[in-house]
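Chains, contacts and geometry: an overview
What follows is each chain in one-letter form.
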Amino acid sequence: MNPTTVPDPWADHGHQRALAEAAHTPGDPFFWDAYDSYGPGPEVLGPVRGRQVVDVGCGTGLVVAHLVQEHGADGVGVDSSPTATTLARRRFSHLPRLQYVTEDAVRHLAQQAGAYDVCISRFGALCFTGPSRMLPAAATALRPGGRLVISTMAEHADGTPALAYPQPSPALLPQHDGTTVALPRWVLSQHLWTSLLERDFTIQHLAHLANPAHPQAAAVPALLICALRR
């Protein structure tokens, strides 16, 4: 199936995430691994009270809602999926200083020059958008000294190593009719991410997250990167 024929290929995924998150509230902590279970939490962002935080590829909006409710951030969640942002607004619209925007992440960031103190992508837009487009847009949107925090897959789901060159791998997204839509997903090596970031950012922290509680054969390790805008 051609992805362009699907109005919102993330619709089913959004509903599934909303069901999975139903037992969680913005008061619950979050983590940066693929299973929301291991490694550091919001503390890697530094103090965010009163700061402008944008979550690109925010999905159903729980992470940025947590940062607003529990840490006093002024939050914006951006997602290209109208299903995701509708679900986020339905659940978290009662929170002040929080809004959700249905828009392509690159387009949003490029139009918000110097607007944000923190930009996060927790298995979000930086996984599904070419870094040659996304990283300059993030640099544009961040103030000097602003923080970019990315969590992404450290290797492919089948154990194939991450790529050492900036090329996407296909990710198959199930649809309600039983078909799948192939979307590009960037699964890049630690060395390549470092090289791509160094144009506009200084790497502050980099960690490989693999929860030992998960069976090794089933676990997908994550790469957590914190970088400061020069």
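For the structure, check the block above.
So, here is what we can say about the structure in this document. (Residues numbered from 1 in each chain as written. Predicted model: local features only at pLDDT ≥ 70, side-chain atom pairs only at ≥ 80, totals over all residues. Heavy atoms only, no water.)

**Comments concerning the pattern of salt bridges**
Here is the rule we go by: By definition here, a salt bridge exists when the distance from a side-chain nitrogen of Lys or Arg to a carboxyl oxygen of Asp or Glu is within 4 Å. Put simply, DSSP H or I for four residues or longer makes a helix, DSSP E for two residues or longer makes a strand, and each gets a number counted from the N terminus. Partly exposed residues are those whose accessible area sits between 20% and 50% of the maximum for their type, while under 20% is buried and over 50% is exposed, using a 1.4 Å probe and protein chains only.
With the rule as written, the count across this model stands at five salt bridges. With its nearest N and O atoms 3.0 Å apart, the salt bridge here joins R17 to E21. Between D117 and R143 there is a salt bridge, and its shortest N-O distance comes to 2.7 Å. Taken together, the residues D117 in strand β4 (residues 116–122) and R143 in strand β5 (residues 142–153) connect sequence positions 26 residues apart. Residue R143 is classed as partly exposed on the basis of its relative accessible area of 31%.

**Considerations on the side chain of H156**
Filter applied, for reference: Contacts described as polar in this section are N or O atom pairs within 3.5 Å, which, within protein, must combine one atom able to donate a hydrogen with one able to accept it, while residues neighboring in sequence count only if both atoms come from side chains. Here a residue-residue contact requires only that any non-hydrogen atoms of the pair lie within 4.5 Å.
Mapped onto the elements of the fold, H156 is located in the loop between β5 and β6 (169–174). A polar atom in the side chain of H156 sits 3.1 Å from the backbone oxygen of P161. Setting aside chain neighbours within four positions, we find H156 in contact with P161, A162, L163, S169 and V187.

**Quick look at empty space enclosed by the protein**
Where empty space is left in the structure can be found by rolling a water-sized probe over the atoms. Here is the rule: The way it works is a 1 Å grid over only the protein atoms, where trapped points that fit a 1.4 Å probe form a cavity and open points with protein on both sides within 12 Å along at least five of seven lines form a pocket, and then any residue with an atom within 4 Å of a point lines it. Grid points are joined across faces, edges and corners, and a volume is the space filled by probe spheres set on the points. The nonpolar class holds Ala, Val, Leu, Ile, Met, Phe, Trp, Tyr, Cys and Pro. Asp, Glu, Lys and Arg form the charged class, and all remaining residues, Gly among them, are polar.
Counted under the stated rule, the structure contains one cavity of 30 Å³ or more. Roughly 40 Å³ of internal volume is contained in the largest cavity. Around the largest cavity sit R17, D55, G57, C58, V63 and R122, which together line it. Its residues assigned to classes, the lining of the largest cavity comprises two nonpolar, one polar and three charged.

**Details of the environment of G46**
Along the polypeptide, G46 turns up in the loop between α1 (11–20) and β1 (52–56). When the C-alpha atoms of G46 and D36 are compared, they prove to be 19 Å apart, with 10 residues separating the residues in sequence.

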